Amino acid sequence: MSTISDPPTTAEQTPAGAAGLERWRYAGVFVLLFLFGTETFLVSPLLPTIAGSIHVTETAAASSVTAYVLVYAVAAPFLGLLSDRFGRRRTLVAGTLLFVVSNAAAALSTDLTLLVLSRAVAGLAAAAAGPAIWAHIAETAPDAVRGRALGLGMALFSCGQVIGVPLGGLLAGAAGWRAAFWALTVGTAAAVPLLLRQVRGGAVVTAPAAGALRAVLAGWADPALRRALLVNTVFHGANLGAYTFLGAVLVERFGLSVQALGLVGLLVGAGSVAGSLLGGRLGDRARAAGRTDLPLLPVWGVLLAAGVALAAEGPGLAVALAGVVVWFVASGGFVTDQQTLAGTVAPELRATSSAWLTSTMYAGTGLGAWAVGAFDDVATGALLIGAGAAVLAALGALVVGRGLRRAPAAG
């Protein structure tokens, strides 16, 4: 089962030189990824406004973010299994409709209970639709441009932070925070007809016919996936764990204002977009040259270590900000490579594997943030934990690549 290739679909039978990425074929899921990215990052800057509106503290309002993350992390592998067993269309459309309902409920929230419940439902919606989207792209894009398709999807998700969040903030400033959630509601509802046209029913690659829990854990039994998931946990312990304290590090080192930190957020998003697009394109070129072992996976770990080190200890603000860009170029490239691996190494587990990538990402983020926060000086913690864990992830990625190279020979 540990191989980076799978039986060709009709789309993949196109000769490599003629195969191209039909972007409009994925317009519906790309729109949805942009909206998911916007919604994921939108709540944080609106927390003070939301808290004041429903008369709770900002800490209490932040529990709505926790609800989203916890529900997604726990539910995604089980809902990914449903997608693998019953097809992408059902789980994708159901998740999208649930996303419409959850954002409407958030817009109508007048107290903390309803707000937290709406965010929990949003996490459930994203857990159903997200893995199905990545699996759909991986199994329908021609093999020669699979990485580009996944990278473009990841770039559009990141564009939610770069473009969607500022637009949502402007809308919230002009018409109140509820208007931002109504905009998400309307935008998602408008994407449903596109999804119905572009995501067809069709044959399902049968997932393991075991009990639910055993089937959900089946990806961990595959050596390539198991190694990739462990590396994913370590990488995001460095990446998002250290990112939790990036604002504090830059304020401590350079005394940046809140407005300046907002501009840093744009650099983060722009780096992620560039890394996603670059990772997809370079990955496709490597596979076209016969390298099916994701050769850039260790490189992203090394670049992450360098970016974190420059941001935490680099001389001068310009060097630190350059480090932030390198940091998130590495993040975007790594995530794209991981989605490519999840979409190809075990075709019968595409959505489940993608779901586990997100769950282990959240686990790594929590562990990394805890470890960095244990230091009295957050810049030192970010440097030691962020750069150190990134190097470990790079070494682990070498092991992943070696296993992928050996798999075809074993087969």
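Structure shown above.
Residue numbers restart at each chain and count upward from 1, following the sequence in its written direction. Local features in this predicted model are restricted to residues whose pLDDT is 70 or higher, and side-chain atom pairs enter the listing and the counts only when it is 80 or higher, whereas totals over whole chains, interfaces and linings include all residues. In computing side-chain properties, one takes all heavy atoms of the structure into account and sets aside hydrogens as well as water.

> Let's hear about the overall build of the protein: which residues, and what values?
When its secondary structure is counted, the protein shows 16 helices and zero strands. The globule rule used for comparison is 2.2 Å times the number of residues to the exponent 0.38, while the radius of gyration itself is calculated over C-alpha atoms. Taking 22 Å as the expected radius of gyration for a compact globule of 411 residues, we find that the protein reaches 20 Å, a close match to that expectation. Its C-alpha atoms give the protein principal-axis dimensions of roughly 60 × 50 × 40 Å. A burial count over the protein gives 54% of its 411 residues as buried. In this description, contact between two residues means that some pair of their heavy atoms is separated by no more than 4.5 Å. Once local pairs closer than 6 in sequence are excluded, the contacts in the protein between residues at least 24 apart make up 85%. The charge count includes Lys and Arg as positive and Asp and Glu as negative, but it does not include His or the ends of the chains. Where a charge lies is defined by one atom per residue type: Lys uses NZ, Arg uses CZ, Asp uses CG and Glu uses CD. For the protein, the distance from the average position of its 24 positive side-chain charges to the average position of its 18 negative side-chain charges is 9 Å. Comment: elements are numbered from the N terminus, with helices defined as DSSP H or I runs of at least four residues and strands as E runs of at least two. Throughout, exposure labels follow a simple rule: accessible area from a 1.4 Å probe, protein chains only, divided by the maximum for the residue type, with under 20% read as buried, over 50% as exposed, and the rest as partly exposed.

> Which residues make up the environment of G168, and what are the values?
Examined against the element boundaries, G168 turns out to sit in helix 6 (residues 146–175). Along the primary structure G168 and G95 are separated by 73 residues, whereas in three dimensions their C-alpha atoms are 22 Å apart. Not counting residues within four places of it along the chain, the set of residues in contact with G168 comprises L42 and A180.

> Now, about the packing of aromatic side chains: what can you tell me, with residues and values included?
Two rings belonging to Phe, Tyr or Trp (six-membered ring only in the last case) form a pair when the distance between their centres is within 6.5 Å. Interplanar angles under 30 degrees mark stacking, angles over 60 mark edge-to-face geometry, and anything in between is tilted. Summed over the entire model, instances satisfying the criterion amount to ten aromatic pairs. For the pair Y68 and Y72, a centre-to-centre distance of 6.5 Å together with 40 degrees between the ring planes defines the contact as tilted. Taken as a pair, Y68 and Y72 lie in helix 3 (residues 63–86) at a separation of four residues, close to a single helical turn. Comparing Y68 with Y72, the two get one shared label, buried. Ring geometry for W220 against W356: centres 5.6 Å apart, planes inclined by 85 degrees, an arrangement best described as edge-to-face. With a gap of 136 residues between them, W220 in helix 9 (residues 218–221) and W356 in helix 15 (residues 350–373) connect regions that are remote in the sequence.

> Describe the nonpolar core, and please don't skip the residues or the numbers.
Throughout this description, the term nonpolar core refers to a set of buried Ala, Val, Leu, Ile, Met, Phe, Trp, Tyr and Cys residues connected via side-chain atoms within 4.5 Å. In this structure, V29, L92 and I137 are the most contacted members of the largest nonpolar core, which totals 67 residues. In terms of residue count, the dominant contributor to this core is helix 16 (residues 378–410) (ten residues). Ignoring any residue separated from it by four or fewer positions in sequence, one finds L92 in contact with V29, L32, A129, A132, I133, L195 and V199. Residues L35, L42, L46 and F181 belong to the second largest nonpolar core, which totals 17 residues.

> Which residues make up the packing of helix 11 (residues 246–254) against helix 14 (residues 317–344), and what values do they have?
Here an angle of 0 to 180 degrees is reported between the N-to-C directions of two axes, which are lines fitted to C-alpha atoms, with helices fitted over the stretch in contact. Closest axis-to-axis distance for the helix 11/helix 14 pair is 11 Å, and the angle between their directions is 170 degrees. Relative to helix 14, the element helix 11 is oriented roughly antiparallel. The two elements helix 11 and helix 14 meet at a crossing, and its hand is right-handed. Side by side, helix 11 and helix 14 meet where L246, L250, R253 and F254 of the first sit next to L317, A320, V324 and W327 of the second. A breakdown of the residues in the contact of helix 11 with helix 14 according to their chemical character gives seven nonpolar, no polar and one charged. Roughly parallel here means an angle under 35 degrees, roughly antiparallel means over 145, roughly perpendicular means 65 to 115, and every remaining angle is called oblique. It is the rotation of the near helix from the far one that decides the hand of a crossing: anticlockwise by less than a right angle makes it left-handed, clockwise makes it right-handed. Three classes are used: nonpolar for Ala, Val, Leu, Ile, Met, Phe, Trp, Tyr, Cys and Pro, charged for Asp, Glu, Lys and Arg, and polar for all others, with Gly counted as polar.

> I'd like to hear about the packing of helix 5 (residues 112–140) against helix 15, residue by residue, with values.
The N-to-C vectors of helix 5 and helix 15 enclose an angle of 130 degrees; their axes lie 8 Å apart at closest approach. Here helix 15 runs oblique to helix 5, going by the angle between their axes. By crossing handedness, the relation of helix 5 to helix 15 is classed as right-handed. Residues P131, A132, W134, A135, A138 and E139 of helix 5 pack against R350, A351, S354 and A355 of helix 15.

> Could you give an account of a positive patch on the surface, with specific residues and numbers?
The grouping of R226, R227, R402 and R406 at the surface amounts to a positive patch. When residues of the positive patch are traced back to their parent elements, those giving at least two are helix 10 (223–243) and helix 16. As for its position among the elements, R406 is in helix 16. R406 sits in the exposed class, given a relative accessible area of 54%. Patch rule: a residue counts if its relative accessible area is over 30% and it has no salt bridge; like charges are joined within 9 Å, and nonpolar side chains (Val, Leu, Ile, Met, Phe, Trp, Tyr) within 5 Å. The Shrake-Rupley method, run with a 1.4 Å probe sphere, supplies the accessible areas, and residue values consider only the shown protein chains as cover. Here, a salt bridge means any Lys or Arg side-chain nitrogen found within 4 Å of an Asp or Glu carboxyl oxygen.

> An account of the pattern of salt bridges is needed here, citing residue identities and associated values.
Taken as a whole and judged by the stated rule, the model has nine salt bridges. Note that R88 and D84 form a salt bridge whose closest N and O atoms lie 2.9 Å from each other. What makes R88 buried here is its relative accessible area of 8%. Salt-bridge contacts for R291 lead to D293; the nearest nitrogen and oxygen are separated by 3.0 Å.

> Could you give an account of the environment of I385, naming the residues involved and the relevant values?
With respect to the helices, strands and loops of the structure, I385 is situated in helix 16. Counting along the chain gives ten residues from I385 to F375, while the straight-line C-alpha distance between them is 9.8 Å. The contacts of I385, once residues within four sequence positions are left out, are A238, G368, A371, V372 and F375.

> Which residues make up the side chain of H136, and what values do they have?
Tracing the chain through its elements places H136 in helix 5. Take H136: its relative accessible area is 7%, and that puts it in the buried class. Sequence-distant contacts of H136, that is, excluding residues within four places in its chain, are made with Y26, V29, R88, Q198 and V199.

> Any chance you could break down a nonpolar patch on the surface for me, citing the residues and the numbers?
Taken together, the side chains of V234, V391, L392, L395 and L398 make up a nonpolar region of the molecular surface, amounting to roughly 430 Å² of accessible area. The element contributing the most residues to the nonpolar patch is helix 16, with four residues. On the secondary structure map, L398 appears in helix 16.

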